[in-house]
Amino acid sequence: MLCLDMRLVQRLRGERTEDAAARDRSKSVCVASFRSKSPRDVSAFKLFHRRASSAISTASDLISRRGVFSRRYYGSVEQLQQPENDGQEHCRRFRIENGDSPGEKDEVSCLFGMFGSPSTPVLENPEYQTRWYFKYFLGKLHQNYVGLDNDKIPFFLSIVLNEDNNSCVPLYRAILFRKTGAQKISLPITQHKVLTVKQILSNFPNMDRVDKGPKEIFSPDIQKDLLLLEEQEGSVNFKFGVIYMKHGQSSDDDILSNEFGSPKFEQFLSLLGDKIRLKGWDKYRGGLDIKGDMTGKYSMYTIYEGHEIMFHVSTLLPYSRDNRQQVERKRHIGNDIVNIVFVDVDDPTQSETAHSLFNPTCIKSQFTHVFAVVSVDRENQYRLSVFSDEAVPLFGPSLPCPPVFRDAQLFREFLLVKLINGEKATFETPTFARKRERTLDMLIKDLYSEHMTDARMTMLNRRAFSDVLAETPRHSRLKEDSRQIEFVRIGQALKLEAIVRGDAPTSLASAGTAGTVFKRSPWEASCFYPVFPAHPIACADSWGDNRLAIGTEEGVFVVEDGSSHRLIFDRSLQVKQLNVVEPHGIMLLRGGHSNKEGKIYVFRLSQIESLNEPRCRLDIKDHRLERTRGTNLYAISRPGGARLRMCVAIGRKLLMFQWKHSAAWTAWCPSSDTDTVEGFTFLWELNLNETPTMMTILDSGWSPNSPSPGDILVCVGYKNHWDIVNGRSGYAQHLHTVESTKAHLVAALDLYEDQEVQLLLCYNHTCHFQKINEENSSSTDFDFHWNSVPTDIVCAFPYVIAFTSNSMEIRLIVNGNLVHTMSMPKLQLISSKNDIFFATTAPEFFPNRTDRLFVDRQQELQKLSPPSSPNASPEVRPLRIYRIPIHALSRSANPDHGCVATESPPTWKSADAKLTVPEQPRVSRSATSSPVPPKAKLSPSVK
């Protein structure tokens, strides 16, 4: 705790130290010169996102950088000489993750020690959530289109109307197949409004100006073609090499000439999977011969979360005493993208040294991009290092510090997840991406030529999406019914075929797998408050560890764990924004029935706690901050800063205020900080050219380009662009413009590192990274896209979470990869200052299957209106408030570098009998759905 206390004192004094940014677990160094580098030569990865009001919450918000900055923050990456038989030397550059570099041994590492490493093993881009066509389209009635974009490049578009059976959320799902890959979006259904195909297409990037609308394809055979396009994203099953290497061996000829492995290696193999007989093997074979023992008699095989994995074990592949190069072994292992190298050391104390001596270029393969080096120490613990080709994007999970695993089963899960994610990341390298793009380009062009010349295209080929199932003459209706039945039958047959052969995201090979570990996901939420009135929530903020302040149309409530909610301000004060600033003991409100009447009010938290009855607007005139009449928006500086600042927007005018006491002064003399409105000091005023829609106050002390330390920078978002403004100098710098006819700005999150400020700009379906010192930077190479347009964005290392009105989408910030999606009706983010709080309709009040509105066959075929949404029902359904602990997202849940949480989630404790949940069937209070993909429904969907 000494380290943390010193940091707290330094922060309270407003001091900044060189080691204020925490270092990431992963480092990248030149493998050839790793042993000779001094600690100062290995630059550590420094980055943290200060977003909480205390030192502990700040430490829990350590955040990682995306791949665009990997080369800089993961250290030097240098060329490694790889001599070939022709005498020429070929160079490769690798990045190493060892979790134990010198930079992590300073006092900053004690912050990580308090919370554990953010190394929970999570599969990235899981197929059961990314293979949309297989999951949501195939075997169901949907529509497919073909067209040309503005560059005359063909594309295919698939659209389906879905209703999530678990949460009753109806929506459109659409997939756009292009040569660059498949893009996916989901769009909410608006009552009494059916979208046309051109309107749906316009929601994809750069597709809002397509001249001609696409034409529909009626042939049911198109489903097989589109399934083939989706399968180009990568295989569902994997093959990994496993190489046995004796300590001191330095060439692949010597390594692959090891005829047998040691007992430790055999024990490691048994940990990876089961030993199977290849002859007659009827499951995934990974390219091995299963008829004549041409590739050996035995191999290792396992299943992980539906993925079949075959290991190419060097000591089980055919061995030749006469062929020193062991060509048969090289043929399989050299063509594996990911290889495990088990280093067998005679002296277990040399386990760590063996990792530092390993050079991946000793294994000559231009195809292998990732090496996972494993060894066993004297305590029978596994040590892991990962070498990745420089071109491979960053992938998780990050290694713990030190990278030693005491629990063998937890190590197995960590290793398998790391290997699977590594192979997926390799497919994003330029080499594989170009090959995939060429393949997709060829397939799409061939399919375009085939279907555009199909005679069946002439039938109603100009009908729009909204007119597809409209009333038609009886003979045409019967013909259309028959086509749809045949369409669904063929789709279900294709789905069943994929499942049986084990090439589907819901592979039957995983059914009934023994030893499955049911783990609690890092984002799994627990119930904080079970029954909150179904008032529309306008704003909210967390208050301490167990309270929330929530502003609704009916007033402002305080919700406390274990107590009933309490009204503190009645509906006469229509609160639009709310912030609880615990370091100064104040609450800020923006209230008013309209923007012209908007004002800022300041209250002491102690005053609110002592209220016996709700206050009205007439009672709080003394708490109104002067000069803020007409406020339509305000923003405060990030929690944990030395000074509390507030930027107020009144139309096109910006006003900057600062609390007269520093955080240090209030911390040392809390009894003397008793001000309300008089605590704010006016600093400056600035006129803008447009009315802002969002603002983010930046810590100018981190910007090396600031004209003076006292400057305060504000990121201002307008209708379709962002600027950085400096109120003292009046200088404005253009930051980023959204090139779209439909610009919807969502958020601008500030991240800090190495005395630089970086912004995560979110708009439409896109997240864009932007440094404020890079003028007119238009690079979008590292942008990533959401499946749905978010309403709120939360950054919690190593995840970035998007909230929509009916879903929560969780991605990794280092690479934008999807890790999980949850559907919930009436979903709304409440607060993310410390823990993440959100509200959704209580599960007890989801309509069961007998309560749902069923339409008859004619109505279902006509699709004149979408399914009834639970949000539109006149029945009032209370909200349930859930909490995701920030420490669960930012650390490993097991102190032994594992991933299984043993503690039970906290449950809501009622102190008032009136708040008991109405009698309903027993349901789980967890807000998450099971990560196990549901079984494919093969029953006919057309009645």
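The structure displayed is predicted, hence computed values, not measured ones.

Enquirer: Just checking my understanding: could you explain the overall build of the chain for this structure?
Expert: Secondary structure summary: the chain contains 19 helices and 42 strands in total. Long-range contacts, defined as pairs at least 24 residues apart, comprise 65% of the intrachain contacts of the chain with a sequence gap of at least 6. Carbon and sulfur atoms make up 50% of the accessible area of the chain, which totals about 40200 Å².

Enquirer: Would you mind showing me how to read the pattern of salt bridges here?
Expert: When charged atoms on two side chains of opposite charge get close, those side chains can pair. Applying the stated criterion to the full structure yields 26 salt bridges. Among the salt bridges present, the one from Arg131 reaches Glu233, with a minimum N-O distance of 3.7 Å. Of this pair, Arg131 sits in the loop between helix H5 (127-130) and helix H6 (132-137) while Glu233 sits in the loop between helix H8 (222-231) and strand S8 (238-246); the two residues are 102 residues apart in sequence, bridging distant segments of the chain. Take Glu233: its relative accessible area is 29%, and that puts it in the partly exposed class. The closest approach of N and O atoms between Glu259 and Arg321, which form a salt bridge, is 3.3 Å. With Glu259 in the loop between helix H9 (252-256) and helix H10 (263-272) and Arg321 in the loop between strand S11 (307-313) and helix H11 (327-333), this pair connects stretches of sequence that are 62 residues apart. Its relative accessible area of 64% is what places Arg321 among the exposed residues. A cluster of three or more residues bridged by salt bridges with shared partners is formed by Asp252, Asp253, Lys330 and Lys364.

Enquirer: Which parts of the structure should I look at to understand the environment of Leu605?
Expert: Within the fold, Leu605 resides in helix H16 (residues 605-609). In sequence terms Leu605 and Gly585 are 20 residues apart; their C-alpha atoms lie 5.4 Å from each other. Every residue in contact with Leu605, bar those within four places of it in the chain, is listed here: Trp543, Val580, Glu582, Gly585, Ile586 and Met587.

Enquirer: Sorry if this is basic, but what is going on with helix H13 (residues 408-426) here?
Expert: Along an α-helix, residues three or four positions apart point the same way, because every turn accommodates 3.6 residues. With 19 residues, H13 ought to run about 27 Å at 1.5 Å a step, and its terminal C-alpha atoms sit 27 Å apart, in line with that. Burial within H13 is extensive, with 17 of its 19 residues counted as buried.

Enquirer: What is the right way to read the packing of aromatic side chains from this model?
Expert: Here a ring pair, both rings aromatic, is described through the centre-centre distance and the interplanar angle of the planes. This structure, assessed with the given rule, holds 30 aromatic pairs. Summarising the aromatic geometry, the rings of Tyr133 and Phe137 are spaced 5.5 Å apart at their centres and angled 15 degrees between planes, so their arrangement reads as stacked. One end of the pair is Tyr133 and the other is Phe137, both in helix H6 and four residues apart, which spans about a single turn. A network of ring pairs unites the aromatic residues Tyr244, Phe265, Phe268, Phe342, Tyr382, Phe405, Phe411 and Phe414 as a single cluster. Across from the ring centre of Trp132, 5.0 Å away, lies the NZ or CZ of Arg173, which sits over that ring. Over the face of the ring belonging to Trp543 we find Arg547, whose NZ or CZ atom lies 4.2 Å from the ring centre.

Enquirer: Looking at this model, I keep getting lost on the environment of Trp281. Mind explaining?
Expert: The residue Trp281 is located in the loop between strand S9 (274-277) and strand S10 (298-304) in this model. When sequence neighbours within four positions are dropped, the list of residues in contact with Trp281 reads Ile276, Ile290, Tyr301 and Met310. Here Tyr284 takes part through its backbone oxygen, which lies 2.9 Å from a polar atom of the side chain of Trp281.

Enquirer: For this particular structure, what's the right way to read the pairing of strand S42 (residues 879-884)?
Expert: One face of the sheet, then the other: side chains in a regular strand alternate in exactly this way. Among the six residues that make up S42, six are buried, leaving the element largely enclosed by the rest of the structure. Burial of S42 is two-sided: the residues Leu879, Ile881 and Arg883 facing one way and the residues Arg880, Tyr882 and Ile884 facing the other way are all buried.

Enquirer: When you look at the packing of H10 against H13 in this model, what are you seeing that I'm missing?
Expert: In a pair of packed helices, the angle between the axes and the distance between the axes together describe the arrangement. As a packed pair, H10 and H13 sit with axes 10 Å apart at the nearest point and diverge in direction by 70 degrees. The angle between H10 and H13 falls in the class roughly perpendicular. The two elements H10 and H13 meet at a crossing, and its hand is right-handed. For the pair H10 and H13, contact is made by Phe268, Leu271 and Leu272 and by Ala408, Gln409, Phe411, Arg412 and Leu415, respectively.

Enquirer: Can you walk me through the sheet that holds strand S41 (residues 836-841) in this structure?
Expert: Hydrogen bonds between backbone atoms are what pair the strands of a sheet, whose relative direction is either parallel or antiparallel. Spatial strand order, S16-S42-S41-S40: four strands in an open sheet with antiparallel pairing. The two strands at the open ends of the sheet, each matched to only one other strand, are strand S16 (526-532) and strand S40 (828-831). Strand-to-strand, the axes of this sheet are offset by a mean angle of 30 degrees, without reference to chain direction. With six bridges joining them, S41 and S42 adopt antiparallel strand pairing. Following the sheet pairing, Ala839 is matched in S42 by Ile881.

Enquirer: I tried to follow the pairing of strand S29 (residues 713-717) on my own but got confused; where do I start?
Expert: In terms of burial, S29 is a largely internal element, five of the five residues being buried. Of the two faces of S29, the one holding Leu713, Cys715 and Gly717 and the one holding Val714 and Val716 are both buried throughout. Across five bridges, S29 lies against strand S30 (residues 721-726) in antiparallel orientation. The residue bridging Val714 from the neighbouring strand is Val725, located in S30. Between S29 and S30, which follow one another and run antiparallel, lie three residues.

Enquirer: Can you walk me through the side chain of Asp835 in this structure?
Expert: As for its placement among the helices and strands, Asp835 is situated in the loop between S40 and S41. At 3.4 Å, the side chain of Asp835 forms a polar contact with the side chain of Arg883. A polar atom in the side chain of Asp835 sits 3.0 Å from the backbone nitrogen of Ile886. Beyond its immediate chain neighbours, meaning those up to four positions away, Asp835 contacts Arg883, Ile884, Pro885 and Ile886.

Enquirer: Mind showing me how you'd approach the environment of Val374 here?
Expert: Mapped onto the secondary structure, Val374 falls in strand S13 (residues 370-376). Note on Val374: relative accessible area 0%, which makes it buried. Considering only alpha carbons, one finds Val374 and Leu384, ten residues apart in sequence, at a separation of 4.9 Å. Residues contacting Val374, with those up to four places away along its chain left out, are Phe268, Ile340, Val341, Phe342, Val343, His355, Tyr382, Arg383, Leu384 and Phe411.

Enquirer: Can you walk me through the sheet that holds strand S39 (residues 818-823) in this structure?
Expert: Spatial strand order, S36-S37-S38-S39: four strands in an open sheet with antiparallel pairing. Edge positions in the open sheet fall to strand S36 (792-796) and S39, since each of these has one partner strand only. Neighbouring strand axes in the sheet, compared pairwise and without regard to direction, differ in orientation by 15 degrees on average.

Enquirer: I keep staring at the packing of H8 against helix H14 (residues 430-452) and nothing clicks. Help me out?
Expert: Interaxial distance between H8 and H14 falls to 11 Å at its minimum, and their mutual angle equals 165 degrees. Taken together, the axis directions place H8 and H14 in an arrangement best described as roughly antiparallel. In the packing of H8 onto H14, the handedness of the crossing is left-handed. Judged by residue contacts, Ile222, Asp225, Leu228 and Leu229 of H8 engage Leu440, Leu443, Ile444, Leu447 and His451 from H14.

Enquirer: Please clarify how unusual backbone geometry should be interpreted in this entry.
Expert: A cis amide bond, omega -5 degrees, links Cys401 with the succeeding residue Pro402. Here Pro402 is to be found in the loop between strand S14 (382-389) and strand S15 (404-405). Of note, the bond from Phe797 into Pro798 is cis; its omega dihedral lies within 30 degrees of zero at 0 degrees. Tracing the chain through its elements places Pro798 in the loop between S36 and strand S37 (799-803). The backbone of Asn764 shows a phi angle near 45 degrees, a positive value even though the residue is not glycine. Looking at the element boundaries, Asn764 is found in the loop between strand S33 (756-763) and strand S34 (766-771).

Enquirer: Looking at this model, I keep getting lost on the confidence of the model for the chain. Mind explaining?
Expert: Detailed reading of the predicted coordinates is not advisable wherever pLDDT is low. Looking at the chain, pLDDT values average 75 and 72% of them are 70 or higher. The low-confidence segment residues 85-89 (pLDDT under 50) makes six contacts with residues lying over four places distant or belonging to another chain. For residues 846-874, every residue scores under 50 in pLDDT, and the model assigns this stretch 53 contacts once sequence neighbours within four places are set aside.

Enquirer: Any chance you could explain the side chain of Arg547 here in plain terms?
Expert: Here Arg547 lies in strand S18 (residues 547-552). Using a relative accessible area of 17% as the deciding quantity, one classes Arg547 as buried. Of the polar contacts made by the side chain of Arg547, one reaches the side chain of Glu609; its length is 3.0 Å. Those residues in contact with Arg547, other than ones at most four positions away along the chain, are Phe528, Ser542, Val558, Val559, Glu560 and Glu609.

Definitions and limits used
Residues numbered from 1 in each chain as written. Predicted model: local features only at pLDDT ≥ 70, side-chain atom pairs only at ≥ 80, totals over all residues. Heavy atoms only, no water. Helix = DSSP H or I, 4+ residues; strand = E, 2+ residues; numbered from the N terminus. Contact = heavy atoms within 4.5 Å. Areas by Shrake-Rupley, 256 points an atom, 1.4 Å probe, with all protein chains shown as cover. Salt bridge = Lys/Arg side-chain N within 4 Å of Asp/Glu carboxyl O. Buried < 20%, exposed > 50% of the residue type's maximum accessible area, 1.4 Å probe, protein only. Expected span 1.5 Å × (residues − 1). Phe/Tyr/Trp six-rings, centres within 6.5 Å; stacked < 30°, edge-to-face > 60°. Lys NZ or Arg CZ within 6 Å of the ring centre and 35° of its normal. Polar contact = N/O pair within 3.5 Å; in protein donor to acceptor, adjacent residues only side chain to side chain. Axes fitted to C-alpha atoms, helices over the stretch in contact; angles between N-to-C directions. Parallel < 35°, antiparallel > 145°, perpendicular 65-115°, else oblique. Left-handed = near helix turned anticlockwise from the far one by under 90°. Pairing = 2+ DSSP bridges. pLDDT = per-residue confidence, 0-100.

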